[in-house]
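What follows is the residue order along each chain.
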Protein chains: 2
Amino acid sequence: MKFTIDKTIILENLNNVIKGVSTKNVIPVLNGIKFDLTNQGLSLTASDSELTINSFIEAKEIATIESTGTIVIQSKFILDIIRKLPSDLIHFEMIDRLKIRIYTENAQYNLNCLDANDYPNLKMDEHKEPIVLNGEVLKSLINQTVFAISTQELRPLFTGINITIMGDLLIFLATDSYRLAKKNIKLSTPVSTDVNIVIPGKNILELEKIIVDDELVEMHIFNNKVLFKYKNIKFQTNLLSGTYPNTSNLIPTEFGIIAKLNKADFTASVDRAALLTQGKDKNIIKMKIENKEMVINSYASEIGKVEEKLEVDTDPSAMIDISFNSKYMLEALRTIREEEILLLLTNDVKPIVIKSVTDESLIQLILPIKTY
Amino acid sequence: MKFTIDKTIILENLNNVIKGVSTKNVIPVLNGIKFDLTNQGLSLTASDSELTINSFIEAKEIATIESTGTIVIQSKFILDIIRKLPSDLIHFEMIDRLKIRIYTENAQYNLNCLDANDYPNLKMDEHKEPIVLNGEVLKSLINQTVFAISTQELRPLFTGINITIMGDLLIFLATDSYRLAKKNIKLSTPVSTDVNIVIPGKNILELEKIIVDDELVEMHIFNNKVLFKYKNIKFQTNLLSGTYPNTSNLIPTEFGIIAKLNKADFTASVDRAALLTQGKDKNIIKMKIENKEMVINSYASEIGKVEEKLEVDTDPSAMIDISFNSKYMLEALRTIREEEILLLLTNDVKPIVIKSVTDESLIQLILPIKTY
């Protein structure tokens, strides 16, 4: 293997795959990135065996290919090494199966490599009927839901995003059992078989970072894995096994109180009130609605108290006194793009639903906290 | 105490003093910031008893003063509280000796305060003959030396910067015994009494952050403390006690090898070589000069090796093979502003001196490391 490539191109493609590299030492060869150079181009692959990322550089993007071959380069420092080399063109030359020379005119790195023969054969199959989404739409689906997943390994399914497709209705849903985020869109083509899968949250977050524009993303769904194809990148993750709990009966459909609020003002008030929450009651703030006025407050015995007043568009008889986690509220509010929001309430123990005034496709739900 | 002030003004002045607040709980009242409002203006003071910072806002900068008074406000959250309030004008109203209300139209914080009667009387005396420096010059003196102080408390004097003044010659010097940084300037007015003091490094770093332009800084030196006056800010720190070791005989005056190098190229080569240093030999790289060529290299058994070649302007017979700490070299190089530097060398155990070609006022010295 011997080739010369533009620094920007190799850096960009290494950046695509680097997050796939295993950080564990169970299979040592997975700590490396597999470089596979053919006359068609250079294929870069990284995997931790659950997540596999491949980025392909076509031959026409490579300055010169003198000889082809396969080698596994240790991922540690590789981005820094390339980034710091003092030239736009970088030479790669395999010395033997376990050594590569990466160099420019006056600087050279001789790096020990891992044995390409040990690298597992990672199948990245494609489905004959992939689901096609716009890149920006997929980014939104992820961003508007993924923050609500659980970080607790106790209930593994809750650490993932539940994706269901029935006909032409696609739903992303995440919950940690204290809050829930749900976003749906209509597909241009209905699926022939319904889908109900759970993708690990940490992997879908990496996918979100790789997608940078509105180019199309293909989603190839299998029983135990899903492959996303985006531009020259293939991103394959395992699925979490098990049946995701049915959450449809958690979201109330009737509410005693509907309050319309300016999103920016409400967000700023919750944020200021959150500042004084501490210790065991961290993030808990109180909200009261009465006579079309909302009062938000919090209290920290050592520091003091804060009180915020907001006008709210609601029925004059609407009255409630409720407590919630301000961090959950701020994260839910951040997903809504419209200027005005609706808070849908029943009483101080029933879920709070947050929606935009106009967009029915996104629902944020937070359970209140009982305080004494 | 009741007054209204522009958010930007109060924030800027709180920012000036906040680093003076004690983070220990030995004297609880020092966890607060003292607000002292008279008809002349608002004085803000923070201190940990070794470092005291005062920022004064003149009455004409305050929107309205309804009544004067003194109160000590807890420093925790105070910057965030002011920053997040939704108005340009912020009202402060003392409720009683231990409570203050900070508010705008719809948002209010009621904060518990500390007892102003407990606040120590911090004298910030001024000297009749202060030393006057330009702000930018003082920043350079600090930046070009302070990084070389020791972080080890074993030799407390080395955790400070040694400032000496003899006649009109002012010298800033720092060393951790493995490297040394020394910068001198000429004062416009000679001092009548020589000065030899040691200022705690962490405090002088805070001073450096406060100075933002070339306005004059007055230095008022006393036996056990020094007061810096800059604009509306007074910054007073204790001195470290003891006699700073005489370092003048550490800096060689004769060298067998004088090598002239492009600073940017040398820096980049050292930086690339440093990338592969690890483990117990962290930061150690080798440098060899022979036949007017410099070769820099480092080696990490697991990862590989790196080799850099540089042309160097030196006597053709100059020959040396020496090892040094790359981090120390990079930090020393960063202080030199000229494009070309001189490396002054004797042999592989004598200090390496780094200077600019034209500026004799700055000397950086690094001890080589013996490798086997």
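Note that the structure is predicted; figures quoted are calculated from it, not measured. (Residues numbered from 1 in each chain as written. Chains lettered and ligands numbered in written order. Predicted model: local features only at pLDDT ≥ 70, side-chain atom pairs only at ≥ 80, totals over all residues.)

Caption draft 1: Broad picture of the overall build of chain A. From N to C terminus, chain A includes six helices and 25 strands. Here the C-alpha coordinates of chain A stretch approximately 80 × 55 × 35 Å along the principal axes. Each of the 372 residues in chain A was classed as buried or not, and the buried ones make up 37%. In chain A, 66% of the contacts between residues at least 6 apart in sequence involve partners at least 24 apart. (Helix = DSSP H or I, 4+ residues; strand = E, 2+ residues; numbered from the N terminus. Buried ≥ 20, exposed ≤ 12 C-beta atoms within 10 Å, placed from the backbone. Contact = placed C-beta atoms within 7 Å.)

Caption draft 2: Structural context of the nonpolar core. Formed by 196 residues in total, the largest nonpolar core has its most connected members in I33, I73 and L343 of chain A together with I33, I73 and L343 of chain B. Those residues in contact with L343 of chain A that lie beyond four places of it in its chain are A259, L261, I352 and I354 of chain A. (Core = buried A, V, L, I, M, F, W, Y, C linked by C-beta atoms within 7 Å.)

Caption draft 3: The arrangement of the interface of chain A and chain B in detail. Contacts between chain A and chain B engage 29 residues on the former and 29 residues on the latter. Counting residues per element, the ones that place at least two in the side of chain A that touches chain B are helix 2 (78–84), strand 9 (107–114), helix 5 (263–274) and strand 21 (304–311) of chain A. With seven residues, strand 21 of chain A is the single largest residue contributor to the side of chain A that touches chain B. Split by residue class, the side of chain A that touches chain B holds twelve nonpolar, seven polar and ten charged. Inspection of the sheet shows strand 9 of chain A paired to strand 21 (residues 304–311) of chain B by five bridges, in the antiparallel sense. Among the inter-strand pairings, Y109 of chain A is bridged to a residue of strand 21 of chain B, identified as V306 of chain B. (Nonpolar A, V, L, I, M, F, W, Y, C, P; charged D, E, K, R; others polar. Pairing = 2+ DSSP bridges.)

Caption draft 4: Looking closely at the sheet that holds strand 25 (residues 362–366) of chain B. All names here are of chain B. Taken in spatial order, the eight strands of this open sheet run 14-11-12-13-25-24-23-18, and their pairing is antiparallel. At either margin of the open sheet sits one strand with a lone partner, and together these are strand 14 (195–200) and strand 18 (257–262). For this sheet, the mean angle separating the axes of adjacent strands, direction not counted, is 20°. Each of strand 11 (160–166) and strand 14 is contacted by helix 4 (residues 201–210), which is oriented at about 85° to strand 14, the strand it contacts most. Sheet strands touched by helix 6 (residues 326–334): strand 13 (179–186), strand 24 (352–356) and strand 25. Its angle to strand 25, the strand with the most contacts, is close to 175°. (Axes fitted to C-alpha atoms, helices over the stretch in contact; angles between N-to-C directions.)

Caption draft 5: Examining the sheet that holds strand 14 (residues 195–200) of chain A more closely. Residues and elements named next belong to chain A. Spatially, the eight strands line up as an open sheet ordered 14-11-12-13-25-24-23-18, and their pairing is antiparallel. Only two strands of the sheet have a single neighbouring strand rather than two, namely strand 14 and strand 18 (257–262). Taking the axes of each pair of neighbouring strands and ignoring which way they run, one obtains an average angle of 20° across the sheet. Contacts from helix 5 reach strand 18 and strand 23 (340–345) within the one sheet, and its direction differs from that of strand 18 by about 95°. Packed on one face of the sheet, helix 6 (residues 326–334) meets strand 13 (179–186), strand 24 (352–356) and strand 25 (362–366) and runs near 175° to strand 25.

Caption draft 6: Seen up close, the relation of the copies chain A and chain B. Superposing chain A onto chain B takes a rotation of 180° plus a shift of 0.0 Å along the axis, which leaves an RMSD of 0.0 Å. Taken together, the rotation and translation relating the two chain copies correspond to the operation of a two-fold axis. No C-alpha of chain A lies nearer the rotation axis than that of K209 of chain A, which sits 18 Å from it. Most of the interface of chain A is mirrored in chain B, where 100% of its interface residues again form contacts. (Least-squares fit on C-alpha atoms with pLDDT ≥ 70 in both.)

Caption draft 7: Seen up close, the packing of helix 5 (residues 263–274) of chain B against helix 6 of chain B. Residues and elements named next belong to chain B. At a minimum axis distance of 10 Å, the contact between helix 5 and helix 6 shows a crossing angle of 155°. In terms of axis orientation, helix 5 runs roughly antiparallel to helix 6. Crossing angle aside, the handedness with which helix 5 passes helix 6 is left-handed. Only S326, M329, L330 and L333 of helix 6 make contact with helix 5, whose side of the interface consists of K263, T267, V270, D271, A273 and A274. Tallied by class, the residues present in the contact of helix 5 with helix 6 amount to six nonpolar, two polar and two charged. (Parallel < 35°, antiparallel > 145°, perpendicular 65-115°, else oblique. Left-handed = near helix turned anticlockwise from the far one by under 90°.)

Caption draft 8: Seen up close, the confidence of the model for chain A. Overall, the prediction assigns chain A a mean pLDDT of 95, with 99% of residues at 70 or greater. ipTM for the predicted complex: 0.89, alongside a pTM of 0.93. (pLDDT = per-residue confidence, 0-100.)

Caption draft 9: Focus on the domain arrangement of chain A. For chain A, the domain assignment lists domain 1 (2–118), domain 2 (131–248) and domain 3 (251–366). Using C-alpha coordinates to define each centre, domain 1 of chain A is positioned 50 Å away from domain 3 of chain A. (Domains from an automatic or database assignment.)

Caption draft 10: Region of interest: helix 6 of chain A. Residues and elements named next belong to chain A. Listed as buried for helix 6 are S326, Y328, M329 and A332. Looking straight down helix 6, one finds its buried side chains confined to an arc of 160°; they lie on one side. Tucked into the core, helix 6 has its buried residues touching strand 13, helix 5, strand 19 (284–290), strand 22 (320–325), strand 24 and strand 25. (Arc of directions from axis to C-beta.)

Caption draft 11: Up close: the pairing of strand 15 (residues 216–221) of chain A. All names here are of chain A. The sheet contact formed by strand 10 (residues 131–134) and strand 15 spans four bridges and is antiparallel. Among the inter-strand pairings, I131 is bridged to a residue of strand 15, identified as M219. Strand direction decides the pairing type here: strand 15 and strand 16 (residues 225–230), joined by five bridges, are antiparallel. Bridge pairing in strand 16 links E218 to K229. Here strand 15 folds back onto strand 16 in antiparallel fashion, the turn holding three residues.

Caption draft 12: Broad picture of helix 5 of chain A. End to end, helix 5 of chain A covers 16 Å across twelve residues, agreeing with the expected 16 Å (1.5 Å per residue, within 8%). What helix 5 of chain A keeps buried is the set F266, S269, V270, R272, A273 and A274 of chain A. (Expected span 1.5 Å × (residues − 1).)

Caption draft 13: Main features of the pairing of strand 4 (residues 51–58) of chain B. All names here are of chain B. Most of strand 4 sits inside the fold, with six of its eight residues counted as buried. Judged from the seven bridges that link them, strand 3 (residues 41–47) and strand 4 form a sheet pairing that is antiparallel. Each bridged residue has a counterpart across the sheet, and for S47 the counterpart in strand 4 is T52. Between strand 3 and strand 4, which pair antiparallel in sequence order, lie three residues; one of them, S49, sits at a positive phi of approximately 80°. Judged from the five bridges that link them, strand 4 and strand 17 (residues 233–238) form a sheet pairing that is antiparallel. What sits directly across from N54, in strand 17, is K234.

Caption draft 14: The environment of L141 of chain A, seen in detail. All names here are of chain A. Summarising the element assignment, L141 is placed in helix 3 (residues 135–143). L141 sits in the buried class, given 23 other C-beta atoms within 10 Å. With 67 residues separating them along the chain, L141 and Q74 place their C-alpha atoms 34 Å apart. For L141, the residues in contact, after removing those within four places along its chain, are F172, K183 and I185.

Caption draft 15: Main features of the environment of K182 of chain A. Residues and elements named next belong to chain A. Mapped onto the elements of the fold, K182 is located in strand 13. A C-alpha to C-alpha distance of 7.8 Å links K182 and Q144, two positions 38 residues apart in sequence. Setting aside chain neighbours within four positions, we find K182 in contact with T145, I171, L173 and I363.

Caption draft 16: Structural detail: unusual backbone geometry. Residue and element names in this part refer to chain A. In this structure, F77 takes a positive phi of about 70° despite not being glycine. Looking at the secondary structure, you find F77 in the loop between strand 6 (69–74) and helix 2. In this structure F77 comes out as partly exposed when scored by C-beta crowding, with 19 C-beta atoms within 10 Å.

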